[in-house]
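This is what each chain is made of:
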Amino acid sequence: MQASTHTASRPAGPLGPLGSPGQQGPREEAPRAEVARRVSRVLWVTLGLNVLVAASKIAYGHATGVLSIRADGFHSLTDSVNNLVGLMGVYFAARPADDGHPYGHSKFEVLAAGVVGLSLLGMAYDVLTSAAGRLLGGAPPPKLDALAFVVLAVTLGVNLLVARYERRQAEELGSPFLASDAAHTSSDVVVTLGVIVTVGLVNAGFAVLDSVMALGIAAFIAWTGVQVLRQNLRYLADAAALEPERVHAVVVQVAGVASAHKIRTRGVPGNIHVDLHVQVARHLDVVTAHRVTHWVIDAIKLHLPGVTDVVVHTEPAAEGQAFNPLPTADDR
């Protein structure tokens, strides 16, 4: 709805002119190098735990001939390899922008996360072929004892802690790699639960179910790998990082703004780029319009976590178009 005068238009939103007394400025994002150090710290911790888990399951599975436990152990071993890949990816991603890479190097972390997905698919193939070989080859049934349950219970507990720790840190640090690795470790949890059931069934005399469960494990690993690849390919393809409606809702509350359109976003969690067109009160001079533009940038960074760069194309509002009132001298 249009008003007869500019000043009698839409009431000023709660953001007002960011930067004026009583208003908070844009949220300070942790420097990329500091985030990288914290992500690396998480990866070193999980690397040690993953090696311990994998070694325990592989050693027991090899000694007893329990294919599903051995397969689960190699699945866990890929976590360790992925941690090393992640450390390299995070290192390169933390490098600052330069003339050749003006938007920075954050996609190196996405590439490392993609390796997690590929490793899952490779592991699924290995488990599938091993299970098929046992079913077709008629290998002797595995040997089991009470130690199998102890090994699996301990590694299950470790995996639960690692998955929860990585997921929490991924959300806090906006790390695509930690999010992907948390999904990978979570798959270990489900797989290990399945293996525990299998051990019980084999102990009850249903040895063939060891191979059957291994086939199910292979399918689950493959599904997880596809999901990890799908998410990280979205980042590489510059899929929308935020819903345009979220950005629009913030911008139209800023003083001096009449409307916003052509909103586009891309990037990865913790490093999101936004560009948009904003219409401001048409009577504003260049200096004031420039100030309103920076209020828009500040508002977006304040209310949308993870946004690191905002490009605004400022346009004059149409004749008679409503806009948020500007602050008076007393408000500044």
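Shown above is the structure to which this text applies.
Residues numbered from 1 in each chain as written. Predicted model: local features only at pLDDT ≥ 70, side-chain atom pairs only at ≥ 80, totals over all residues. Heavy atoms only, no water.

**Re the side chain of serine 119**
Part 1: You can see serine 119 is positioned in helix α3 (residues 107–137).
Part 2: On the basis of relative accessible area, serine 119 is assigned to the buried category, the value being 18%.
Part 3: Sequence-distant contacts of serine 119, that is, excluding residues within four places in its chain, are made with Thr78, Asn82 and His184. (Helix = DSSP H or I, 4+ residues; strand = E, 2+ residues; numbered from the N terminus. Buried < 20%, exposed > 50% of the residue type's maximum accessible area, 1.4 Å probe, protein only. Contact = heavy atoms within 4.5 Å.)

**Quick notes on the nonpolar core**
Part 1: Ranked by internal contacts, the top residues of the largest apolar core, which has 30 residues, are Val247, Val251, Leu276, Val278 and Ile300.
Part 2: For this core, the elements supplying multiple residues, two or more each, are α7 (244–251), β1 (257–268), β2 (271–280), α8 (286–303) and β3 (307–316).
Part 3: Top contributing element to this core by residue count: α8, with seven residues.
Part 4: What valine 278 contacts, discounting residues up to four positions off in sequence, is Val251, Val257, Ser259, Ala260, Val296, Val312, His313, Thr314 and Glu315. (Core = buried A, V, L, I, M, F, W, Y, C linked by side-chain atoms within 4.5 Å.)

**Focus on the pattern of salt bridges**
Side-chain pairs of opposite charge can arise whenever the charged atoms involved come near each other.
Part 1: Applying the stated criterion across every chain, the model contains five salt bridges.
Part 2: Between glutamate 34 and arginine 37 there is a salt bridge, with its nearest N and O atoms 2.8 Å apart. Of this pair, glutamate 34 and arginine 37 both sit in helix α1 (residues 32–64), separated by three residues, roughly a single helical turn.
Part 3: Assessed through its relative accessible area of 27%, glutamate 34 is described here as partly exposed.
Part 4: With a closest N to O distance of 3.0 Å, aspartate 238 and lysine 107 form a salt bridge. Taken as a pair, aspartate 238 in the loop between α6 (209–236) and α7 and lysine 107 in helix α3 lie far apart in primary sequence, 131 residues in all. (Salt bridge = Lys/Arg side-chain N within 4 Å of Asp/Glu carboxyl O.)

**Observations regarding the packing of aromatic side chains**
Part 1: As enumerated under the stated definition, the model contains three aromatic pairs in all.
Part 2: Seen in terms of ring centroids, phenylalanine 92 and phenylalanine 108 are 5.7 Å apart; in terms of plane orientation they differ by 35°. Their pairing is tilted. Taken together, the positions of phenylalanine 92 in helix α2 (residues 67–93) and phenylalanine 108 in helix α3 put the pair 16 residues apart, joining distant regions of the chain.
Part 3: Between the NZ or CZ atom of arginine 266 and the centre of the ring of tyrosine 103, over which it lies, the distance is 4.4 Å. (Phe/Tyr/Trp six-rings, centres within 6.5 Å; stacked < 30°, edge-to-face > 60°. Lys NZ or Arg CZ within 6 Å of the ring centre and 35° of its normal.)

None of this, on its own, says anything about what the molecule does.
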